[in-house]
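Commentary on secondary and tertiary structure
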Amino acid sequence: MLKAINALLAVLAGVGGGFALYLILNWLVERLPGRWEDRIKPYIFIGPAIVFVTIFLVYPALRTAYLSFFDDDGEEFVGLANYVDLLGESSFLNALFNNVLWLIVVPAGVVIAGLIVAVLADQLSTRGENTVKSFIFLPMAISFVGASTIWRFVYAFEPEGRPQIGLLNAVWTFFGGDPVAWIQNDSFRLNSFLLMVIMIWLQTGFAMVLLSAAIKNVPTETVEAARIDGASEIQIFFQVVVPQIWSTVVTVFVTVLILTLKIFDIIYVMTGGRFNTDVIGNRFITELINFGRDGRASAIVVMLLVAVIPVMIYQVRQFRQMEATR
Amino acid sequence: MRSRNTLRIGALVFAGSLVLSGCLGAEQGGDGENQPVEIFGGITGTEEARLVEEAVAEIEEATGVDVQYQPSRDFTTIIRSRVRGGDAPDIALYPQPGLLLDMSSDITPLDDVDVGLDQVRETLIPGFLDSATKDGKVYGAPIDQAPKSLVWYPKKPFEQAGYQVPTTHQELLDLTERIKDDGETPWCIGIESGPDTGWPATDWLEDYVLRTAGPEAYDQWVNGELKFNSPEITEAAETVGEIMLTEGNVQGGGKAIVNTPFGESSERLFEDPPGCYLHRQASFITSFFPDKVQENLDEEAGVFVLPPVEDGYDGTPILGSGNFAALLNSENENAIKVMEYLISDKFGTPRYEAGGILSPHTTFDTSKYPDEVTQQIADQVNEADVFRFDGSDLMPAEVGTGSFWTGMVDWIGGRKDLDAVLSDIDESWPSS
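None of the values given here were measured: they were computed from a predicted structure. (Residues numbered from 1 in each chain as written. Chains lettered and ligands numbered in written order. Predicted model: local features only at pLDDT ≥ 70, side-chain atom pairs only at ≥ 80, totals over all residues.)

1. Notes on the overall build of chain A
Within chain A one finds 13 helices and zero strands. Secondary structure elements in chain A, listed N-terminal to C-terminal, are α-α-α-α-α-α-α-α-α-α-α-α-α. Compactness check: chain A gives a C-alpha radius of gyration of 26 Å against a globular reference of 20 Å for 326 residues, more than 25% above the reference. Across its three principal directions, the C-alpha atoms of chain A cover 80 × 65 × 50 Å. Per-residue burial for chain A yields a buried fraction of 26% across its 326 residues. Within chain A, contacts between residues separated by at least 24 positions form 65% of all contacts whose residues are at least 6 apart in sequence. (Helix = DSSP H or I, 4+ residues; strand = E, 2+ residues; numbered from the N terminus. Rg over C-alpha atoms; globule rule 2.2 N^0.38 Å. Buried ≥ 20, exposed ≤ 12 C-beta atoms within 10 Å, placed from the backbone. Contact = placed C-beta atoms within 7 Å.)

The structure is reproduced here in structure tokens:
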């Protein structure tokens, strides 16, 4: 009870404090002579945000990069040893390879599935469209951990002779197959692909909403003009509609790509990285929390960060272009 | 005008809350004789934590000190960050002596304070304290134990079928064959445990290293002096494999073992007809048994110590685990007082009365245990020639909670052969 009151007071004090800070600073700036007021005012308002981003984002990132050149306790300088060790370990390279697979398959899968749903739902009555969309969007409300727990039951395996509680195995054995331990089966990375399905299932709703809105924004004149010129529906879709929604496709793709780069929860819950399904996000947690090897964990994060930066730059550019053409 | 008023009220609320939170924040404190003692530990779960608190109340009564128990599921992570951040608890309960010794520079050796260590040394199960000893100094003492070298069976069907409790490894193998000949499944084995999957299998291997190669080889192995791919460890693993992976011994074979949660596998003993007749697991597994079995444990469940191997070590070793109390703040005199009680054979009665967990002291009155099964286990542990702590908890974390677990999973699941797995584990052993 006391804790709850304290938390409430802390929130009040925090919000109130922020509010008061802006009020006081604003009041001070207003005392300045006219020209100076205009010059300084923008910085007064953006300043605190920059300070917070620096303290809570830039500083930890730099500190992590720094620690990645030190040993497990962060005491002794070891140069590039952490990077060299990691990149020489087959299990880490394996995790990297899995990450690449995830990056190729998941964003593409999400965009394609989202596009298909958006286009097909567009053909339905308004009511039908809304119902379908609501169902497809529903998984978005579930956390990654929650979704993984659900999918554990889809892929569950029981030895022959016991009732199959897993959906996939129930179907499989119904058609005469022997029960398969899906999650343990890494031939052609089958298990990794099965885990990717979970993420695609989760994110399709997001892609669908954005793409559906974009498709509805395509001017009907362009579609009708193509139809009069004798284009087939498929030609219309790929040569008239898709080019006009391309920037949305890219936005969705990149957003999911960044999400996929950081993927951890699904792997942690479903396999813990066993059976050849490890990814670097999970590997990082293992190194930091289970093994207490700060240097190696930092090195992994730095590699992840380096991989994300180009994608981020691309996304910011894309966003600016969109703003400019608006 | 209205907005001005709102503003004023806002400012008032803001100032008021600052003052109030300042007051509320200062509720704790006190020093000298009344200084409270904080115990931080990894024993969680509503029932378990409640029992610890009951046991702590017992300390408060005996010592007159105000004690608070703080449980955390992430003990292993948080204890490191708390100590590094200068916010160490007075006393910590380590589930892994390996981690305790790893942090020994922050811990006061028990030899240096007056906690009655000599007395404790006499009453403890011999060998238990060695797991928390480094360079001749004792850094922690056990407050409980869960013996692991136990095989459980469903008493009624087992006796009806005319099976006998085996006393040697050969008899165990013969019994396994006989159960198979009767058209039944002999063993239930499950090693799935979420992110910790694999640990029950490491216990199996440790048990058989003790039985085939003996305690001395076991100690060398745990310290990294004896390799995983040495003939001794390979032989022990092959003995485990003979039980786990022989066709028909476990329903569904290795793939099912890897896939089955360890708690669930124990329940199958008590299905009707029994899903299996034998299950090797620590004493705490009783809390996973079906309710109707737990209520009548003595009538429903039987237990025996995993028998010795004929050509191996001459004697019956017991593998076990437990929580170790360590003193992190020796300046708090009350903490020393609490520590003395905590590690003595007087501590913990409410927990032991609930079953599944035993006192690490041979002098503990076994009649206080709730059922015959637990009393029988306690007697057998006290009679055992050798006690050894769970080796994976003593090995470096990269191995003990990493490659050893995944290695066993890869081997039993049939993804890699034994030699490859053992070499992989050797390779992952940290060099320094």
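Still more ground to cover, so stick around.
2. Structural notes on unusual backbone geometry
Across the junction of B:Asp272 and B:Pro273, the peptide omega takes the value -5°, indicating a cis bond. Of note, B:Pro273 is situated in the loop between α12 (262-267) and β9 (279-280). The backbone of A:Asn276 shows a phi angle near 70°, a positive value even though the residue is not glycine. Examined against the element boundaries, A:Asn276 turns out to sit in the loop between α11 (265-270) and α12 (280-290).

3. Points about the interface of chain A and chain B
Taken together, the contacts link 25 residues of chain A with 26 residues of chain B. Those elements that place two or more of their residues in the side of chain A that touches chain B are α1 (2-31) and α12 of chain A. Across the side of chain A that touches chain B, the residue classes tally to 14 nonpolar, nine polar and two charged. (Nonpolar A, V, L, I, M, F, W, Y, C, P; charged D, E, K, R; others polar.)

4. A word on the packing of helix α6 (residues 144-155) of chain A against helix α8 (residues 190-217) of chain A
Residue and element names in this part refer to chain A. Closest axis-to-axis distance for the α6/α8 pair is 10 Å, and the angle between their directions is 130°. Compared by their axis directions, α6 and α8 come out oblique. Both α6 and α8 take part in a crossing whose hand is right-handed. Taking contact as the criterion, the partners of Phe144, Ala147, Ser148, Trp151 and Tyr155 in α6 are, on α8, Leu194, Ile198 and Leu202. Along the lines of polarity and charge, the residues of the contact of α6 with α8 split into seven nonpolar, one polar and no charged. (Axes fitted to C-alpha atoms, helices over the stretch in contact; angles between N-to-C directions. Parallel < 35°, antiparallel > 145°, perpendicular 65-115°, else oblique. Left-handed = near helix turned anticlockwise from the far one by under 90°.)

5. A few points about the sheet that holds β9(B)
Residues and elements named next belong to chain B. The three strands are arranged β9-β8-β10 in an open sheet whose pairing can be described as antiparallel. Edge strands, defined here as strands with exactly one partner in the open sheet, are β9 and β10 (301-305). Sheet strands in contact with helix α17 (residues 372-383) are β8 (150-154) and β10, and its direction is about 5° off that of β10. (Pairing = 2+ DSSP bridges.)

6. Let's talk about the domain arrangement of chain B
Residue and element names in this part refer to chain B. Domain parsing of chain B yields domain 1 (2-145 + 322-364) and domain 2 (147-318 + 391-428). Measuring from the centre of the C-alpha atoms in domain 1 to the corresponding centre in domain 2 gives 33 Å. Counting residues at the interface gives nine residues for domain 1 and nine residues for domain 2. Class assignment for the residues of the side of domain 1 that touches domain 2 results in three nonpolar, six polar and no charged. (Domains from an automatic or database assignment.)

7. Examining the sheet that holds strand β11 (residues 317-321) of chain B
Paired through backbone hydrogen bonds, the strands of a sheet run either parallel or antiparallel to each other. Residues and elements named next belong to chain B. Strands sit in the order β7-β11-β13 across an open sheet of three strands; the sheet is mixed. The strands lining the two open edges of the sheet, one partner per strand, are β7 (146-147) and β13 (386-389). Relative to β13, β11 runs parallel, the two sharing four bridges. Bridging from a neighbouring strand, Leu319 pairs with Arg388 of β13. Relative to β11, helix α8 (residues 199-212) is tilted by about 150°, and along the sheet it contacts β11 and β13.

8. Considering the UniProt feature "domain: ABC transmembrane type-1" (unreviewed entry) in chain A
When the UniProt feature table is mapped to this numbering, "domain: ABC transmembrane type-1" (unreviewed entry) covers residues 96-315 of chain A. Across residues 96-315 of chain A, helical content stands at 75% and strand content at 0%; the span's end C-alpha atoms are separated by 23 Å. (UniProt positions renumbered as here; feature names shortened; annotations may be inferred.)

9. Some thoughts on α12(A)
Those residues of α12(A) that fall on the buried side of the exposure criterion are A:Ile280, A:Gly281, A:Asn282, A:Arg283, A:Phe284, A:Thr286 and A:Glu287. Downstream of α12(A) by one or two residues, A:Gly292 has phi in the positive range, about 60°.

10. Focus: the nonpolar core
Membership of the largest hydrophobic core comes to 116 residues, with the highest contact counts inside it found for B:Ile91, B:Ala325, B:Ala326 and B:Met339. Per-element accounting of this core gives the leading share, seven residues, to helix α18 (residues 397-412) of chain B. Among the domains, domain 1 (2-145 + 322-364) and domain 2 (147-318 + 391-428) of chain B are the pair contributing at least three residues each to this core. By size, the runner-up hydrophobic cluster in this structure holds 44 residues, among which are A:Val106, A:Tyr155, A:Val256 and A:Phe284. (Core = buried A, V, L, I, M, F, W, Y, C linked by C-beta atoms within 7 Å.)

11. Overview of α18(B)
Residues and elements named next belong to chain B. With 16 residues, α18 extends 21 Å from end C-alpha to end C-alpha; this agrees with the ideal 22 Å at 1.5 Å per step. At Ser403, α18 is bent by approximately 35°, the largest bend along its length. For α18, the buried fraction is high: 16 of the 16 residues fall into the buried class. (Expected span 1.5 Å × (residues − 1). Bend = angle between axes of the 7 residues up to and from the residue.)

12. Remarks on the confidence of the model for chain B
All names here are of chain B. Mean pLDDT over chain B works out to 87, with 92% of the residues at or above the 70 mark. The low-confidence segment residues 23-30, where pLDDT is below 50, has five contacts with residues more than four positions distant or belonging to other chains. For this predicted complex, the interface score ipTM comes out at 0.79, while the overall pTM is 0.82. (pLDDT = per-residue confidence, 0-100.)

13. Looking at the domain arrangement of chain A
Considered domain by domain, chain A is made up of domain 1 (2-47) and domain 2 (91-325). On a C-alpha basis, the centroid separation for the pair domain 1 of chain A and domain 2 of chain A is 41 Å.

14. Here we look at the environment of B:Glu295
With respect to the helices, strands and loops of the structure, B:Glu295 is situated in helix α13 (residues 291-295). In this structure B:Glu295 comes out as exposed when scored by C-beta crowding, with 10 C-beta atoms within 10 Å.

15. Quick notes on the pairing of strand β3 (residues 91-94) of chain B
The side chains of a regular strand alternate between the sheet's two faces. All names here are of chain B. Of the two faces of β3, the one holding Ile91 and Leu93 and the one holding Ala92 and Tyr94 are both buried throughout. Relative to strand β12 (residues 324-327), β3 runs antiparallel, the two sharing four bridges. For Tyr94, the partnering residue across the bridge sits in β12 and is Phe324.

16. Points about the UniProt feature "transmembrane region" (unreviewed entry) in chain A
Residues and elements named next belong to chain A. Annotation from UniProt places "transmembrane region" (unreviewed entry) at residues 6-28, 40-62, 100-122, 134-154, 193-215, 236-261 and 297-316. Span residues 40-62 is 100% helix and 0% strand, its end C-alpha atoms 29 Å apart. Segment residues 297-316 splits into 100% helix and 0% strand. End C-alpha atoms: 28 Å apart.

17. Things to note about the pairing of β11(B)
Residue and element names in this part refer to chain B. Counted residue by residue, β11 has five buried out of five residues, so it is predominantly covered. Taking every second residue as pointing to the same face, both faces of β11 are buried, with Pro317, Leu319 and Ser321 on one and Ile318 and Gly320 on the other. Relative to β11, β7 runs antiparallel, the two sharing two bridges. Each bridged residue has a counterpart across the sheet, and for Ala146 the counterpart in β11 is Ser321.

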